[in-house]
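# Survey of secondary and tertiary structure
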Amino acid sequence: MAQKLAGKIAVVTASTDGIGYAIAERLAQDGAKVVISSRKQTNVDAAVKKLKSQKLDVVGVVCHVGKKEDRENLVATAIEKYGGIDIFVSNAAVNPFFGPILDVSMLRLLIFDINVKTAFLLCKDIVPHMQKRGGGSIILVSSIGGYEPSALMGPYSVSKTAVLGLKKALVHQLSPMNIRVNCLAPGLIKTRFSEALWKDPDNMKLATQNIKLGRIGKPEECAGIVSFLSSDDASFITDETIKVSGGASSQL
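The protein carries the name Dehydrogenase/reductase SDR family member 4 in an unreviewed UniProt entry, which gives Mizuhopecten yessoensis as its organism. A UniProt comment under Sequence similarities (unreviewed entry) is attached to the protein, and it reads "Belongs to the short-chain dehydrogenases/reductases (SDR) family."

If you want it as structure tokens, here you go:
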């Protein structure tokens, strides 16, 4: 059976661990050639080695998305190694602040530079290459927090609401180019990024109260959705957000 992403070239940011790694792995398993990235060379090397051990077609590059030269190198690597870009998954995000929102300093508001601004800038860099390929698929990773902001993760949550808005704004310009733009909104997923919520039993109990399935998710449970949105099976789907949250209540 033909792999549904055969012949496709994907770029995934923050993809050496957690949700990003699971997405990169699934895209490659489904036939795509994948460029993975992370801020640290050791993490890139370890992830590439692990993926190549599965006979997957991947390359890795160091990319701190906040650095212009790193973003340019990420895109250039995809073009030089594989000849184009069909799929872009914007997964890079930070959350350096935990507490009541009015306690945040202006420095911490730099969270918007990474979580929103760099996603936009990478789209600007990548879209011309998708146009040359006749279209493409962009998946921006938002969060269930973009719908229901956490009391102690306010700036992060608001940045993820902005990602939902960025998706809607991009759709207007990119649809005539046959470039689809969708969002993934994970709920509580078991990753290092969220370990403060699931490592402590009391926090875990509180965190899962609103989850109808009664458990937290796994990174792999996000990956198949992204592969679907990247494929021709989703060729008539754009401007949508798929929540992977175990049924947690959420609305804007």
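Below, the discussion takes up the overall build of the protein. For the protein, the helix and strand inventory stands at 8 helices and 7 strands. Over its C-alpha trace the protein gives a radius of gyration of 17 Å, about what one expects of a compact globule, namely 18 Å for 252 residues. Once the C-alpha set of the protein is aligned to its principal axes, its extents read approximately 50 × 35 × 35 Å. Burial analysis of the protein (252 residues in total) assigns 50% to the buried set. Sequence separation of 24 or more characterises 71% of the internal contacts of the protein that already satisfy a separation of 6 or more. As presented, the protein carries roughly 12,400 Å² of accessible surface, and 54% of it is formed by carbon and sulfur atoms.

Of all hydrophobic cores here, the largest spans 35 residues; its most connected members are Val 35, Phe 88, Ile 138 and Leu 140. The biggest single contributor to this core is helix α4 (residues 111-132), with 8 residues. If we ignore the near neighbours within four places in the chain, the residues touching Ile 138 are Phe 88, Cys 123, Val 127, Met 130, Leu 174, Ile 179, Arg 180, Val 181 and Asn 182. Counting residues in hydrophobic clusters, the runner-up holds 31 residues, among them Ile 19, Val 44, Ala 47 and Leu 51.

Turning to helix α3 (residues 68-82), a few remarks are in order. If you check α3, its first and last C-alpha atoms are 21 Å apart, about what 15 residues at 1.5 Å a residue would give, namely 21 Å. Looking only at α3, the buried set comprises Asp 70, Arg 71, Leu 74, Val 75, Thr 77, Ala 78 and Tyr 82. Here the buried residues of α3 occupy an arc of 150° about the axis, which is enough to place them on one side. Facing away from the buried surface of α3 by more than 90 degrees, the exposed residues are Lys 68 and Glu 80. Next to the buried residues of α3 lie β1 (9-12), β2 (33-38), β3 (58-62) and α4.

This paragraph deals with the sheet that holds strand β6 (residues 179-186). Pairing is parallel across the open sheet formed by 7 strands, whose spatial order is β3-β2-β1-β4-β5-β6-β7. Edge positions in the sheet fall to β3 and β7 (241-244), since each of these pairs with one other strand and no more. Adjacent strand axes in the sheet meet at a mean angle of 15° when their direction is disregarded. Two strands pair when backbone bridges link them, and strand β5 (residues 136-141) and β6 are joined in this way by 6 bridges, in the parallel orientation. Paired with Gly 136 across the bridge in β6 is Ile 179. The strands touched by α3 within the sheet are β1, β2 and β3, with β3 carrying the most contacts at an inclination of about 160°. Here helix α8 (residues 220-230) sits on the sheet and contacts β4 (87-90), β5, β6 and β7; the angle it forms with β6, its principal contact strand, is near 170°.

Following the criterion strictly, the structure yields 7 salt bridges and no others. For the salt bridge of Asp 30 with Arg 26, the shortest nitrogen-to-oxygen distance reads 3.0 Å. Overall, the relative accessible area of 14% leaves Asp 30 in the buried class. Residue Glu 72 pairs with Lys 68 through a salt bridge whose shortest N-O separation is 2.4 Å. Of this pair, Glu 72 and Lys 68 both sit in helix α3, separated by 4 residues, roughly a single helical turn. With a relative accessible area of 40%, Glu 72 lands in the partly exposed category. Linked through salt bridges whose partners overlap, the residues forming this network are Lys 167, Lys 168 and Asp 239.

The rules behind the values
Residues numbered from 1 in each chain as written. Predicted model: local features only at pLDDT ≥ 70, side-chain atom pairs only at ≥ 80, totals over all residues. Heavy atoms only, no water. UniProt positions renumbered as here; feature names shortened; annotations may be inferred. Helix = DSSP H or I, 4+ residues; strand = E, 2+ residues; numbered from the N terminus. Rg over C-alpha atoms; globule rule 2.2 N^0.38 Å. Buried < 20%, exposed > 50% of the residue type's maximum accessible area, 1.4 Å probe, protein only. Contact = heavy atoms within 4.5 Å. Areas by Shrake-Rupley, 256 points an atom, 1.4 Å probe, with all protein chains shown as cover. Core = buried A, V, L, I, M, F, W, Y, C linked by side-chain atoms within 4.5 Å. Expected span 1.5 Å × (residues − 1). Arc of directions from axis to C-beta. Pairing = 2+ DSSP bridges. Axes fitted to C-alpha atoms, helices over the stretch in contact; angles between N-to-C directions. Salt bridge = Lys/Arg side-chain N within 4 Å of Asp/Glu carboxyl O.

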